[in-house]
Amino acid sequence: EKIIWNKFNPFQFLCGTTSGEIVCFDVRNESSNVYTIKAHSDMISGLEFSSSISGCLLSSSADKTVKVWDLKESGASCIKTYEPNVGTILSMSANPDYPLVFAFSGNNNAENWKVVDFSSFKQGEFYVCLTGLVIITIFFFIIYSAGTFC
């Protein structure tokens, strides 16, 4: 399971369940949830809001997919489904400076992480962002792996 506060609504938090649902709760009404979405076919491994786009939520799952959601007060609609080909997705993180750049990690030994820029898709296809961001990520990964990163 995964839980995250809605950074654009301080009264709401979302919970990703082992059954693949996203459940939205409002702390002002503890007796019921706001909405439930059947988001994935397997457990949810990650929930992340865009750093600055209100209502833009990404979910990742053990079903090997990432979904981009447009959240509303009464529910959500899936904008896009993407498979980053990292195997079972184990974690996900939003870039704090670029609102549609996310990093994913998985259990695929051949390619176990990927950085994706969701703003660069054309005609329904997503392209991996191969800019300085990836080079910086690789640089810090190499330094950290070598044990010299403080």
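Please read these numbers as outputs of a predicted model, since none were measured by experiment.

### Concerning the overall build of the chain
Scanning the chain from N- to C-terminus turns up 1 helix and 11 strands. The order of α-helices and β-strands along the chain, N terminus first, is β-β-β-β-β-β-β-β-β-β-β-α. Every one of the 150 residues in the chain was classed for burial, and the buried ones make up 42%.

### Let's talk about the pairing of strand β5 (residues 44-49)
Among the 6 residues that make up β5, 6 are buried, leaving the element largely enclosed by the rest of the structure. Two elements, β5 and strand β6 (residues 56-61), share 5 bridges in a ladder whose sense is antiparallel. Counted as the bridge partner of Glu 48 is Leu 58 from β6. Hairpin connection from β5 to β6: 6 residues lie between these consecutive antiparallel strands, with Gly 55 at a positive phi of about 85 degrees.

### As for the confidence of the model for the chain
Detailed reading of the predicted model is not advised wherever pLDDT is low. Confidence in the prediction of the chain, expressed as mean pLDDT, is 81, and 79% of residues score 70 or more. In the predicted structure, residues 122-150 sits below a pLDDT of 50 and forms 28 contacts with residues beyond four places in sequence or in another chain.

### Here we look at the sheet that holds strand β4 (residues 35-38)
With antiparallel pairing, 4 strands are arranged side by side in an open sheet as β1-β2-β3-β4. Since the sheet does not close on itself, it has two edges, and those belong to β1 (2-5) and β4, each with one partner. Taking the axes of each pair of neighbouring strands and ignoring which way they run, one obtains an average angle of 15 degrees across the sheet.

### Notes on the side chain of Asn 95
By secondary structure assignment, the location of Asn 95 is in the loop between β9 (89-94) and β10 (101-106). Reaching out from Asn 95, the side chain makes a polar contact with the backbone nitrogen of Asp 97 at a distance of 2.7 Å. Side-chain polar atoms of Asn 95 contact the backbone nitrogen of Tyr 98, separated by 3.0 Å.

### Examining the environment of Leu 100
If you trace the backbone, Leu 100 turns up in the loop between β9 and β10. If we skip the residues at most four places from it in the chain, Leu 100 touches Ile 53, Cys 56, Val 116, Asp 117, Phe 118 and Ser 119.

### Observations concerning the pattern of salt bridges
Applying the stated criterion across every chain yields a total of 3 salt bridges. Asp 26 serves as the salt-bridge partner of Arg 28, at 2.7 Å between the closest nitrogen and oxygen. Overall, Asp 26 belongs to the buried group, its relative accessible area being 12%. Linking Lys 72 and Asp 70 is a salt bridge whose minimum nitrogen-to-oxygen distance equals 3.1 Å.

### Some thoughts on the sheet that holds β6
Across the sheet, 4 strands lie side by side as β5-β6-β7-β8; this open sheet has antiparallel pairing. The open sheet has two free edges, formed respectively by β5 and β8 (75-82), since each of these has just one partner strand. Geometrically, the sheet is characterised by an average inter-axis angle of 25 degrees between neighbouring strands, direction not taken into account. For strand β7 (residues 66-72) and β8, the ladder comprises 7 bridges, and the chain directions are antiparallel. Bridging from a neighbouring strand, Val 68 pairs with Lys 80 of β8.

### Digging into the pairing of β10
As paired strands, β9 and β10 are joined by 5 bridges and run antiparallel to one another. From the neighbouring strand, Met 92 faces β10, where its bridge partner is Phe 104. In this antiparallel pair of consecutive strands, β9 and β10, the connection spans 6 residues. Sheet topology note: the β10/strand β11 (residues 113-117) ladder contains 5 bridges and is antiparallel.

Conventions adopted
- Residues numbered from 1 in each chain as written.
- Predicted model: local features only at pLDDT ≥ 70, side-chain atom pairs only at ≥ 80, totals over all residues.
- Heavy atoms only, no water.
- Helix = DSSP H or I, 4+ residues; strand = E, 2+ residues; numbered from the N terminus.
- Buried < 20%, exposed > 50% of the residue type's maximum accessible area, 1.4 Å probe, protein only.
- Pairing = 2+ DSSP bridges.
- pLDDT = per-residue confidence, 0-100.
- Contact = heavy atoms within 4.5 Å.
- Axes fitted to C-alpha atoms, helices over the stretch in contact; angles between N-to-C directions.
- Polar contact = N/O pair within 3.5 Å; in protein donor to acceptor, adjacent residues only side chain to side chain.
- Salt bridge = Lys/Arg side-chain N within 4 Å of Asp/Glu carboxyl O.

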